[in-house]
Amino acid sequence: MKVEFYRHNLGEDEIKEVTETLRSLFLTTAGKTARFEQELARFLGVKHVVGVTSCTAALHLSLVALGIGPGDEVIVPAMTFIATINPVFWVGARPVLADVDEETGLLLPETVEGLITPRTRAIIPVHLYGAMADMRGFRALADRYNIAIIEDAAHCVEGSRDNIRPGQLGDAACFSFYATKNMTSGEGGAIATMRDDLAERLRILRLHGMSKGAAERYSSKTYIHWDMIDLGYKYNMFDIQAALLLPQIAKLEENLKRREWICQRYEEAFSRMGGLDFPKVPKGCRSARHLFTVWVHERIRDDVLRYLGEHGVGCAVNYRAVHTLTYYRQRLGHKPQDFPNALSIGNRTVTLPLYPGLRDEEVEYVIETLGAALQELRLA
Ligand SMILES: *Cc1c(COP(=O)(O)O)cnc(C)c1O
């Protein structure tokens with residue numbers, strides 16, 4: 001059997017919507033993008049959604065829009081994807097790494113508090129694997145120290161915690177529609193915010209800093225001049241992306257149900273298996289169930305990856321601790337033991353297939369194959 005690490009779920013609904021867009025006047029940012037932004041905002045229960053080209057762009061624009069730059073510090077977890085951190089360097093600020101909770105892999109408000117200095121301007125909690133960070137705790141902390149929160153919600157469109165959803169308490173929440181995410185247009189992203197001022201600034205910054213977008217310029221019968229009022233970027237979501245995404249919003253809940261079922265089957269089977277553990281979903285949290293990772297002993301992790309690959313189970317590592325990667329090591333100078341929980345999680349992680357199209361027999365095959373791997377490797 002061959003079980004792909006990920007298979008997308010796009011079909012006739014998406015093809016129809018894209019075809020309609022291709023036959024229409026606008027290919028760039030216009031009506032479909034606006035409709036997607038409104039519908040995602042309604043789904044999330046936030047005031048504004050601004051569509052962009054990636055989550056990385058979303059994080060970068062959020063930092064720029066919040067005025068974060070040289071001399072500033074931004075606190076980020078050491079267990080995340082590199083895209084959480086690189087935009088902090090781009091704006092000239094310094095990423096201050098923080099260790100994560102050993103049970104959940106999430107950044108904790110109490111860990112962050114000890115790292116706040118007069119130069120701290122923002123915190124970027126990551127809703128890792130789909131489980132939300134403690135946003136009520138982070139909001140209280142941010143208010144106390146007058147700093148901003150940018151949520152990396154790349155894994156967490158559908159999640160909630162203590163009745164709070166991404167974008168409701170953070171200044172900005174950044175989403176990814178990359179090829180393997182829960183909702184995808186191959187590449188794409190969005191920013192959710194409750195703040196009118198931030199939404200307006202983000203809209204201007206995502207398109208060169210221009211005062212008017214293409215659709216707005218066109219909808220006037222006669223030519224109208226635009227102005228450039230800020231130094232912006234070229235990060236605007238366009239209508240073909242939005243067309244791919246629009247039909248997926250209505251399927252988010254149903255797809256989550258299927259992933260939740262698969263996760264429960266995994267958890268039930270893995271609780272009975274020796275030699276392996278998995279991240280816990282915190283109390284009060286509805287996980288968006290984006291990734292299912294198991295933690296095996298670090299001595300056998302790479303052998304488990306190899307065994308699964310050789311037996312047709314697609315797998316990955318989400319993620320190795322960022323401070324062990326060459327660029328950050330050279331630039332920030334951390335030792336592996338500076339963030340022991342992130343280091344340990346990063347050395348033990350194996351990510352298994354998880355998507356709504358994963359069939360029951362494939363789920364069972366993944367469980368069996370992982371069991372066989374552990375048995376063989378313990379004997380070896
Ligand atoms: C995928 C991902 C990103 C980057 O998303 P892009 O849309 O590819 O830029 C950022 N953070 C996390 C945690 C991710 O998993």
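Before reading further, recall that the structure is shown in the block above.
Residues numbered from 1 in each chain as written. Predicted model: local features only at pLDDT ≥ 70, side-chain atom pairs only at ≥ 80, totals over all residues. Heavy atoms only, no water.

Student: I'd like to hear about the sheet that holds strand E12 (residues 349–352), residue by residue, with values.
Tutor: One open sheet holds the three strands; their spatial order is E9-E11-E12, and the pairing between them is antiparallel. A strand with exactly one partner marks an edge of an open sheet, and here the two such strands are strand E9 (276–277) and E12. Here four bridges tie strand E11 (residues 292–296) to E12, and the two strands are oriented antiparallel to one another. Counted as the bridge partner of valine 294 is valine 350 from E12. Along the sheet, helix H10 (residues 252–271) contacts E9, E11 and E12; its crossing angle with E11, the most-contacted strand, is approximately 15°. In the packing of helix H13 (residues 340–348) onto the sheet, contacts are made with E11 and E12, and the angle to E12 comes to roughly 50°. (Pairing = 2+ DSSP bridges. Helix = DSSP H or I, 4+ residues; strand = E, 2+ residues; numbered from the N terminus. Contact = heavy atoms within 4.5 Å. Axes fitted to C-alpha atoms, helices over the stretch in contact; angles between N-to-C directions.)

Student: I'd love a proper account of the packing of helix H3 (residues 55–65) against helix H7 (residues 196–205), names of residues and values included.
Tutor: Angle between the axes and distance between the axes: these two values describe a pair of packed helices. Where H3 contacts H7, the axes come no closer than 10 Å and their chain directions differ by 120°. Between H3 and H7, the crossing angle belongs to the class labelled oblique. The element H3 and its partner H7 pack so that their crossing is right-handed. Facing H3, whose interface residues are Leu61, Ser62, Val64 and Ala65, H7 presents Leu198, Arg201, Leu202 and Leu205. (Parallel < 35°, antiparallel > 145°, perpendicular 65-115°, else oblique. Left-handed = near helix turned anticlockwise from the far one by under 90°.)

Student: Tell me about the site of the ligand, and name the residues and values.
Tutor: Around the ligand, the surrounding shell holds 14 residues, and the nearest of these are Thr56, Asp152, His155, Ser176 and Lys181. At 2.4 Å, a side-chain N or O of threonine 56 approaches an oxygen atom of the ligand. Within the side chain of aspartate 152, one N or O atom sits 2.8 Å away from a nitrogen atom of the ligand. Notes on the ligand: free accessible area 380 Å², of which the protein chains cover 94%. For the shell around the ligand, the per-class residue count stands at six nonpolar, six polar and two charged. (Near = heavy atom within 4 Å. Polar contact = N/O pair within 3.5 Å; in protein donor to acceptor, adjacent residues only side chain to side chain. Areas by Shrake-Rupley, 256 points an atom, 1.4 Å probe, with all protein chains shown as cover. Nonpolar A, V, L, I, M, F, W, Y, C, P; charged D, E, K, R; others polar.)

Student: Give a detailed account of the environment of methionine 194, specifying residues and quantitative values.
Tutor: One can find methionine 194 in the loop between strand E8 (189–193) and H7. Linking methionine 194 and alanine 172, residues 22 residues apart in sequence, is a C-alpha distance of 7.8 Å. Ignoring anything within four residues of it in the chain, the contact list for methionine 194 reads Gly45, Val46, Lys47, His48, Gly167 and Gln168.

Structural measurements only, silent on function.
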